[in-house]
Amino acid sequence: ARDLFYEMRGQHPELSSAHPLTLIIDNTRLEAREVAELVVAALTRAGLFVSYTALSPEDFDRRVKAQDCDFYIGEWVAPAGDPVYSYAMAFSAGRDPWLATKLAAGDLGARALASAFSQRLPVVPLYFKTTRAHYRSSLREFAFGALGVIDFADLFSWVDGKTSP
């Protein structure tokens, strides 16, 4: 892969250090800067020259919509349940009309979508964010609901064998 990249860089002078690729982030997202630094470091190790810029949410959205960047750190909240929605989000974010065309012609199964995604790669997810929650051991009935959101409905505190408000 590295040899292929160096061959490609020889054919495309815009991939040189004189023309770094642009990664943009939304400056209101707390973890975006840390993620951008990790991505830039990884791409630099691969031989790409990348710089990142933190933008206001308005400027970030405008540049993403206009495709006025090489990369951006974004976040998707995939709907729970039907994988078709997750694939639809990926094709939409990658501005690949393939899925919309196929869905207009008829229903597609999850296997067909997975195969098309791996062949077309409309977007390349770099990592998947997980939800982590820490809570006191005296809290009981702490749980995540069906949509992956913390459910406080049955939460109560148990101290010295008694419930407390």
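Here's what I pulled together on the structure shown here. Computed from a predicted structure; not experimentally measured.

Counting its regular elements, the chain contains 6 helices and 8 strands. Reading the chain from its N terminus to its C terminus gives the helix and strand order α-β-α-β-α-β-α-α-α-β-β-β-β-β. Out of the 165 residues belonging to the chain, those deemed buried represent 24%. Expressed as a percentage of contacts within the chain between residues at least 6 apart in sequence, the contacts between residues at least 24 apart total 53%. Accessible area for the chain stands at about 11,800 Å²; split by element, carbon and sulfur atoms hold 56% of it.

Further remarks concern the sheet that holds strand 1 (residues 21-26). As summarised here, the arrangement of the 3 strands in space is 2-1-3, forming an open sheet in which the pairing is parallel. In the strand order of this sheet, the two ends are held by strand 2 (50-55) and strand 3 (71-72), each with one partner. Across 2 bridges, the pairing between strand 1 and strand 3 is parallel. If you follow Ile 24 over to strand 3, its bridge partner there is Tyr 72. Against the sheet, helix 3 (residues 57-65) touches strand 1, strand 2 and strand 3, its axis set at about 135 degrees to strand 1.

Let us look at helix 4 (residues 83-93). Along helix 4, the residues that are buried comprise Val 84, Tyr 87, Ala 90, Phe 91 and Ala 93. At its buried positions, helix 4 is contacted by strand 3, helix 5 (98-105) and helix 6 (110-120). Among the residues trailing helix 4, Arg 95 stands out with phi positive, at a value near 55 degrees.

What follows covers helix 3. Within helix 3, the full set of buried residues consists of Phe 60, Arg 63 and Val 64. Looking straight down helix 3, one finds its buried side chains confined to an arc of 100 degrees; they lie on one side. Residues of helix 3 that are exposed and point more than 90 degrees away from the buried face comprise Glu 58 and Lys 65. Buried-residue contacts for helix 3 involve strand 1, strand 2 and strand 3. The first or second residue beyond helix 3 is Gln 67, which carries a positive phi of 55 degrees.

With that settled, consider the environment of Ser 157. Within the secondary structure layout, Ser 157 lies in strand 7 (residues 156-159). Residue classification places Ser 157 among the buried residues on the basis of a relative accessible area of 8%. Between the alpha carbons of Ser 157 and Glu 141 there is a distance of 9.0 Å; along the sequence they are 16 residues apart.

Judged by nonpolar contacts, Leu 21, Leu 23, Ile 25, Ala 32, Val 35, Ala 36, Val 39, Val 40, Leu 43, Leu 48, Val 50 and Ile 73 together constitute the single largest core of 12 residues. The element contributing the most residues to this core is helix 2 (residues 32-45), with 6 residues.

In this model, Gln 67 sits at a positive phi of 55 degrees, which is unusual for a non-glycine residue. If you trace the backbone, Gln 67 turns up in the loop between helix 3 and strand 3. Exposure remark for Gln 67: the relative accessible area of 51% places this residue in the exposed category.

What counts, and where the lines are drawn
Residues numbered from 1 in each chain as written. Predicted model: local features only at pLDDT ≥ 70, side-chain atom pairs only at ≥ 80, totals over all residues. Heavy atoms only, no water. Helix = DSSP H or I, 4+ residues; strand = E, 2+ residues; numbered from the N terminus. Buried < 20%, exposed > 50% of the residue type's maximum accessible area, 1.4 Å probe, protein only. Contact = heavy atoms within 4.5 Å. Areas by Shrake-Rupley, 256 points an atom, 1.4 Å probe, with all protein chains shown as cover. Pairing = 2+ DSSP bridges. Axes fitted to C-alpha atoms, helices over the stretch in contact; angles between N-to-C directions. Arc of directions from axis to C-beta. Core = buried A, V, L, I, M, F, W, Y, C linked by side-chain atoms within 4.5 Å.

What is shown is where atoms sit, not what they do.
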